[in-house]
Structures are given as structure tokens and as C-alpha cells.
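So the chains spell out like this:
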Amino acid sequence: MPPMAPNSQSPAFDLGRVGRNRVLHIHTRQGEDAAVSVAQAVRAYQPAAVVAVGICWGAWGPDSGEPSDKQQLIGDVLIADKLKSTGAKRLKDGATDYPDDQVKTTRRLADSLMLVLPFWSQQPGHRHDMGLMLSEPTLYNDAQARDAVLKAFPKAMGGEMEAQGLARWAAELKTDWIMFKGICDWGANKDNPNKEADQKLAAQRAASLLAMWLQNAHLGLSSPSAASPPEATAPAGTPSGGGNQIIQGNVQNAINAPGSTFHLGGH
């Protein structure tokens, strides 16, 4: 078990250094509650970046009607360069409108991750896509409901439950962020015999990308405190040694990761 970070206001595991990055891992619940936990951690630890990693549903599965060369596979990692919150809806005369703005992930983090992707993709089974992701605190397990939201956003790669909350406060707290998650299902028929294995594979693939990225990049380069010594700007109890990276996920998976540095969950 990794040590706890010494700040009682926001419980976190201190995973120490990964490459040149100091990493803190927080446990969040599904949906909108994740945003509250991450916001508390950002205020407590003033990280250089927040990375949301876990599992998601894919839009282009076997029943999507897409050509075979475009279809996704369980375990594919989806990287959000744009995010659309679909939780808020306006319903009128049989039509649905989604009023929330579409937001972009932090450019420097996306550019840094893209440098690592060609090397990560050389491993067997490692596939990825980058584009628009949908996010709302709804657990999709219904093909009709899934297809309805995908009809409104035909370019969306898939969806998840936490990033809409993260993105909402990121600008206010002036914190860089990015999200990438592995496909564990297709937003329907979740109660299949391979459910646990599919979730495990999806989480491992996303975590393996995270581990390679952290080992080779320095996410603290643009930290607001980069120009000053860490001890001069960090709140009491913050681990020293450069900008912290807060990884949002599932603690139990992080501890029990077989064959990977981290194994982060959270849908």
C-alpha cells in the first residue's frame, strides 16, 4: 500500500516519482461527485496537471454499422481532445438540445501525450483514438438511449461519467487537465459474462499509456509555481520535489494492478 499524502483536507495516495513527475492518486466516486473530490485535491495540493484515467463506453462497436476498419475494440484507449457535456438537456416538440458548451482539453498536455503515443502503440493490442468525447453522470446501459445521444453527436468516439464535472471547474481553478479512458463496453448490454475481464483490460490499457507518458514527460513544466521553489508556493503538507500530478481513479484497482505501474478505474 502506498503512503498517504500528509494533507487531511484531501486524502490522496502519494505514489512518489514516476520519471520526473511527483504523482498523487485520489479516489473518486462515479459521476459528478468526482469533480468535488478533484477540486478539493487541487486546492490542497496545487498540482501542475490533473489526469482523469479509467474506463468508458465506445460509440463504434460491433453493432454500430461502421465499416470493420473503423470499428472499435474492447481495450481501445479514447483520448478526449474535445469534451461535450450532455447532462443538461432542453426538450421541446420531440427535439433534444444540449446547451452546455463544448470544451477543449489542455493543449500542452495533449501535445505531450501525442509524442508518446507512437511508442505506446507499438505494443500488441494497443490502439487509440483522439477526438470528441461525451460526458454526463448517467450510466448508459440502453442501446436506444445511447443511439439517441450519438445521433446528436455523430463524431463522438464514446462517453463517460466524470470529465464533465472536471472540465467545469478546471478553468475557474486554472488547472491543466486531460482525460483518456479504455473502452470496456458499448453503452448497452453491460451484464455480459466478460464484464469484469473487459473492464480490467480497458483500465490496464489506459493505465499503461499513463505510465509510459509519466515516465517520459515532465507535466510540471507549465505549473503556476514553476518559477519559484516548490516549498515557497505549495501549501503545508504538499510533497516536495516539483509539480504534482493528480491522477483521478479507483484506489482498489491502483493497488491491485497486475503487470502495470498503475491500474486505474472509475467509469
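As a reminder, the structure under discussion sits directly above these lines.
These figures come from a predicted structure and were not determined experimentally.

### Describing empty space enclosed by the protein
Move 1: Per the stated rule, a full pass over the model turns up two cavities of 30 Å³ or more.
Move 2: Estimates place the volume of the largest cavity at around 40 Å³.
Move 3: Forming the walls of the largest cavity are Cys184, Asp185, Lys190, Asn192, Lys195 and Gln199.
Move 4: Taken together, the residues of the lining of the largest cavity sort by class into one nonpolar, two polar and three charged.
Move 5: Taken together, Trp57, Thr86, Leu134, Ser135, Glu136, Tyr140, Gly159 and Glu160 form the lining of the second largest cavity.
Move 6: Going through the elements one at a time, strand S8 (128-135) and strand S9 (158-160) are the ones with two or more residues in the lining of the second largest cavity.
Move 7: Classifying every residue of the lining of the second largest cavity by side-chain character gives three nonpolar, three polar and two charged.

### Focus on the nonpolar core
Move 1: Core analysis: the biggest nonpolar cluster contains 40 residues, and Tyr45, Val50, Met133, Val149, Trp169 and Trp177 have the highest contact counts within it.
Move 2: Those elements giving two or more residues to this core turn out to be strand S2 (21-27), helix H1 (33-45), strand S3 (49-58), strand S4 (77-85), S8, helix H3 (143-152), helix H4 (163-173) and strand S10 (176-185).
Move 3: Take this core: its biggest share by element is seven residues, from H1.
Move 4: Those residues within four positions of Met133 in sequence are excluded, and the remaining contacts are Cys56, Leu78, Ala80, Lys82, Leu83, Lys84, Met157, Gly158, Gly159, Glu160 and Met179.
Move 5: By size, the runner-up hydrophobic cluster in this structure holds 23 residues, among which are Ala110, Ile178, Leu214 and Leu219.

### Some points on the packing of aromatic side chains
Move 1: Overall, the coordinates contain three aromatic pairs when judged by the stated rule.
Move 2: The aromatic ring of Trp60 is capped on one face by Lys70, whose charged end is 4.7 Å from the ring centroid.

### Considering the packing of helix H2 (residues 107-120) against helix H5 (residues 195-216)
Move 1: Their axes nearest at 9 Å, the elements H2 and H5 cross at an angle of 105 degrees. In terms of their interaxial angle, H2 and H5 are classed as roughly perpendicular. Taken together, the residues of H5 that come into contact with H2 (itself represented by Leu109, Ser112, Leu113, Val116, Leu117, Phe119 and Trp120) are Arg205, Ser208, Leu209, Met212 and Trp213.
Move 2: The class makeup of the residues in the contact of H2 with H5 is nine nonpolar, two polar and one charged.

### As for the side chain of Thr86
Move 1: Looking at the element boundaries, Thr86 is found in the loop between S4 and strand S5 (90-92).
Move 2: Polar side-chain contacts of Thr86 include one of 2.7 Å to the side chain of Glu136.

### Thoughts on unusual backbone geometry
Move 1: For Lys174, which is not a glycine, the phi torsion comes out positive at approximately 55 degrees.
Move 2: Here Lys174 shows up in the loop between H4 and S10.
Move 3: With phi around 55 degrees, Asn189 is a residue other than glycine that occupies positive phi space.
Move 4: The residue Asn189 is located in the loop between S10 and H5 in this model.

### Considering the environment of Thr96
Move 1: Among the secondary structure elements, Thr96 is positioned in strand S6 (residues 95-97).
Move 2: Distance from Thr96 to Ala152, taken between C-alpha atoms, is 8.4 Å for residues 56 residues apart in sequence.
Move 3: When near neighbours in sequence (up to four residues on either side) are disregarded, Thr96 contacts Lys89, Arg90 and Leu91.

### Remarks on the pairing of S2
Move 1: Within S2, six of the seven residues are buried, which leaves it mostly tucked inside the rest of the structure.
Move 2: Pairing between strand S1 (residues 13-18) and S2: five bridges, direction antiparallel. In the sheet register, Phe13 faces S2, and the bridge partner there is His25.
Move 3: With antiparallel pairing between neighbouring strands as the criterion, S1 and S2 make up a hairpin whose turn holds two residues, including Gly19 at a positive phi of roughly 60 degrees.

What counts and how
Residues numbered from 1 in each chain as written. Predicted model: local features only at pLDDT ≥ 70, side-chain atom pairs only at ≥ 80, totals over all residues. Heavy atoms only, no water. 1 Å grid on protein atoms, 1.4 Å probe; cavity = no way out; pocket = protein on both sides within 12 Å on 5 of 7 lines; lining within 4 Å. Points joined across faces, edges and corners; volume = space filled by probe spheres on them. Nonpolar A, V, L, I, M, F, W, Y, C, P; charged D, E, K, R; others polar. Helix = DSSP H or I, 4+ residues; strand = E, 2+ residues; numbered from the N terminus. Core = buried A, V, L, I, M, F, W, Y, C linked by side-chain atoms within 4.5 Å. Buried < 20%, exposed > 50% of the residue type's maximum accessible area, 1.4 Å probe, protein only. Contact = heavy atoms within 4.5 Å. Phe/Tyr/Trp six-rings, centres within 6.5 Å; stacked < 30°, edge-to-face > 60°. Lys NZ or Arg CZ within 6 Å of the ring centre and 35° of its normal. Axes fitted to C-alpha atoms, helices over the stretch in contact; angles between N-to-C directions. Parallel < 35°, antiparallel > 145°, perpendicular 65-115°, else oblique. Polar contact = N/O pair within 3.5 Å; in protein donor to acceptor, adjacent residues only side chain to side chain. Pairing = 2+ DSSP bridges.

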